[in-house]
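# Fold and geometry: a report
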Amino acid sequence: MDTPMQTASFEGLWLPMITPMRGGYVDCEAAQALARYYRNAGVAGLVLFGSTGEGNLLAIPEKIDMIEAIRQDPHALPLVFGAGGVDTRGVAAAIRRLDKYAPAGYLVPPPYYLGPSQQGILWHYRQIAWATERPIILYNIPKRAGVTMTVETMEALALLPNFSAVKECNPPVLMALNARGHLNALCGEDQALLDHFLVGGRGAIPAAAHLFPERFVEVMQLARDGHAEAARELFEPLRGLIRLLFAEPNPAPIKRALALQGLIADELRLPMTSASRELTPRLQRAMSVVQGSPSRLQTA
């Protein structure tokens, strides 16, 4: 039997799925429906409980309920669990509790707020590696963590068996990682998605792919197959929508857009609040632009 290390693959689009809420509780039925929807759209896997999934606002029992609900589908997509926090020991303890659910891996940012040195970041990740034998995806997101991992730090961690990939949100660093080839770089900046795949990138974790996921999958396939112009033509109508989905704190605009499609209730857990009323018509217009632009699937 293969070990978790040997079977890890983070190619394709991995969706950092929102956590649907209703009446203050996790809406497990909506989570099941979303997971089936994205599976049918061609998404490779789901990342649960990241920043888009409001992971730091969920208790461990809530996470377990959502995992078990999604896993009821016999054809469920592989799952990566977000595991972020300030206290290394607390993050490691949470991972130990979730490990029995056999995730495809964990998405782990550096400790946020503290601003640790690169040596402190290395220590954090090495302690996390002791907590699980499953793959760990580094998450370099200075905007939320308040600290930036250097390429040298990421490549030092890549020498250890747990660390198989990094979700990188800075496009120049993403391009550098792709060129160096020491670590599987996953695109974490949605506007850079097309360029990433055109230069040979193999995977991405794009929050904007909650909307029109088939279109995002199609862009990826065209770009990876060398059909650059066709990929650009399909991606261009998505750019305006992507901008709006991050015009207010994530995931509020995504949840508003999904609610407009009737897929979830438009609810976040406080202190996160719903998107502004002014954003709704702008989202509707941007979604109409994408719907009105034919894909190759529609014209085939």
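The preceding data block contains the structure.
Residues numbered from 1 in each chain as written. Predicted model: local features only at pLDDT ≥ 70, side-chain atom pairs only at ≥ 80, totals over all residues. Heavy atoms only, no water.

### Here we look at the pairing of strand S8 (residues 163-168)
To be explicit about the condition: Exposure is judged per residue with a 1.4 Å probe applied to protein chains only, and the accessible area is read against the type maximum: over 50% gives exposed, under 20% gives buried, and values in between give partly exposed. The helix count covers DSSP runs of H or I at least four residues long, the strand count covers runs of E at least two residues long, and both are numbered beginning at the N terminus. Pairing between two strands requires that DSSP report at least two bridges joining them. With strands facing away from the observer, any crossover in which the path from the first strand over the helix to the second runs clockwise is taken as right-handed.
A large share of S8 lies buried, amounting to five of its six residues. Across four bridges, the pairing between S8 and strand S9 (residues 184-187) is parallel. Looking at the pairing, glutamate 168 lines up with cysteine 187 of S9. The parallel pair S8 and S9, bridged by helix H8 (residues 171-180), forms a crossover whose chirality is right-handed.

### Focus on the environment of alanine 259
Convention followed: The contact definition used throughout considers only heavy atoms, calling two residues in contact when any of these lie within 4.5 Å.
With respect to the helices and strands, the residue alanine 259 is situated in helix H12 (residues 252-260). By relative accessible area, alanine 259 is classed as partly exposed at 24%. Sequence-wise, alanine 259 and methionine 17 are 242 residues apart; in three dimensions their C-alpha atoms are separated by 14 Å. Excluding residues that lie within four positions of it along the chain, alanine 259 makes contacts with Ile264, Ala265 and Asp266.

### Some points on unusual backbone geometry
Here the bond from asparagine 250 into proline 251 is cis, since omega is 10°, no more than 30 degrees from zero. For proline 251, the position within the fold is in the loop between helix H11 (228-245) and H12. Positive phi, normally seen in glycine, also occurs at glutamate 54, with a value near 55°. For glutamate 54, the position within the fold is in the loop between strand S4 (45-48) and helix H3 (60-71). You will see that phenylalanine 212, though not glycine, has its phi angle at about 55°, which is positive. On the basis of relative accessible area, phenylalanine 212 is assigned to the buried category, the value being 14%.

### Considerations on H12
Among the nine residues that make up H12, seven are buried, leaving the element largely enclosed by the rest of the structure. By the burial criterion, the buried members of H12 are Ala252, Pro253, Ile254, Lys255, Arg256, Ala257 and Leu258. At its buried positions, H12 is contacted by strand S2 (21-22), helix H2 (28-40), H11 and helix H13 (279-292). Of the residues trailing H12, glycine 262 is marked for its positive phi of about 80°.

### Some words on the environment of glutamate 218
Note on placement: glutamate 218 falls in helix H10 (residues 213-224). Overall, the relative accessible area of 7% leaves glutamate 218 in the buried class. The spatial distance from the C-alpha of glutamate 218 to the C-alpha of glycine 42 is 9.0 Å, given a sequence separation of 176 residues.

### Remarks on the packing of helix H4 (residues 88-98) against helix H5 (residues 118-131)
In plain terms, the rule: In this analysis an axis means a line fitted to C-alpha atoms, helices contributing only their contacting stretch, and an angle means the value between N-to-C directions, from 0 to 180 degrees. What sets the label is the angle itself: under 35 degrees gives roughly parallel, over 145 gives roughly antiparallel, 65 to 115 gives roughly perpendicular, and the rest give oblique. Take the far helix as your reference; a near helix turned counterclockwise from it by less than a right angle gives a left-handed crossing, and one turned clockwise gives a right-handed crossing. In the scheme used here, Gly and all other residues not listed as nonpolar or charged are polar, with Ala, Val, Leu, Ile, Met, Phe, Trp, Tyr, Cys and Pro taken as nonpolar and Asp, Glu, Lys and Arg as charged.
Two elements in contact, H4 and H5, have axes whose closest approach is 9 Å; the angle formed by their N-to-C orientations is 25°. With respect to their mutual orientation, H4 and H5 come out roughly parallel. Both H4 and H5 take part in a crossing whose hand is right-handed. For the pair formed by H4 and H5, the contact residues are Thr88, Arg89, Val91, Ala92, Ile95 and Arg96 on the first element and Trp123, His124, Gln127, Ile128 and Ala131 on the second. Looking at the contact of H4 with H5 residue by residue, the classes come out as six nonpolar, three polar and two charged.

### Topic: the packing of aromatic side chains
Note the following rule: Each pair of aromatic rings taken from Phe, Tyr and Trp, with Trp reduced to its six-membered ring, is defined by centres within 6.5 Å and is described as stacked if the planes are under 30 degrees apart, edge-to-face if over 60, and tilted in the remaining cases.
Inspection of the entire model under this criterion finds five aromatic pairs. Note on phenylalanine 10 and tryptophan 14: the rings are 5.3 Å apart at their centroids and 65° apart in plane angle, and the pair reads as edge-to-face. With respect to class, phenylalanine 10 is no different from tryptophan 14; both count as buried. Summarising the aromatic geometry, the rings of phenylalanine 49 and phenylalanine 81 are spaced 6.0 Å apart at their centres and angled 45° between planes, so their arrangement reads as tilted. With phenylalanine 49 in the loop between S4 and H3 and phenylalanine 81 in strand S5 (residues 79-82), this residue pair connects regions lying 32 residues apart in the sequence. Neither residue differs from the other here; phenylalanine 49 and phenylalanine 81 are each classed as buried. Grouping aromatic residues by their ring pairs yields a cluster made of Phe49, Phe81 and Tyr106.

### Considering the packing of H12 against H13
It is the contact of H12 with H13, at a shortest axis distance of 10 Å, that shows an interaxial angle of 65°. In terms of orientation, H12 and H13 fall into the roughly perpendicular class. The chirality of how H12 crosses H13 is right-handed. Seen from H12, the contacting residues are Pro253, Arg256, Ala257 and Leu260; seen from H13, they are Leu279, Thr280, Leu283, Gln284 and Met287.

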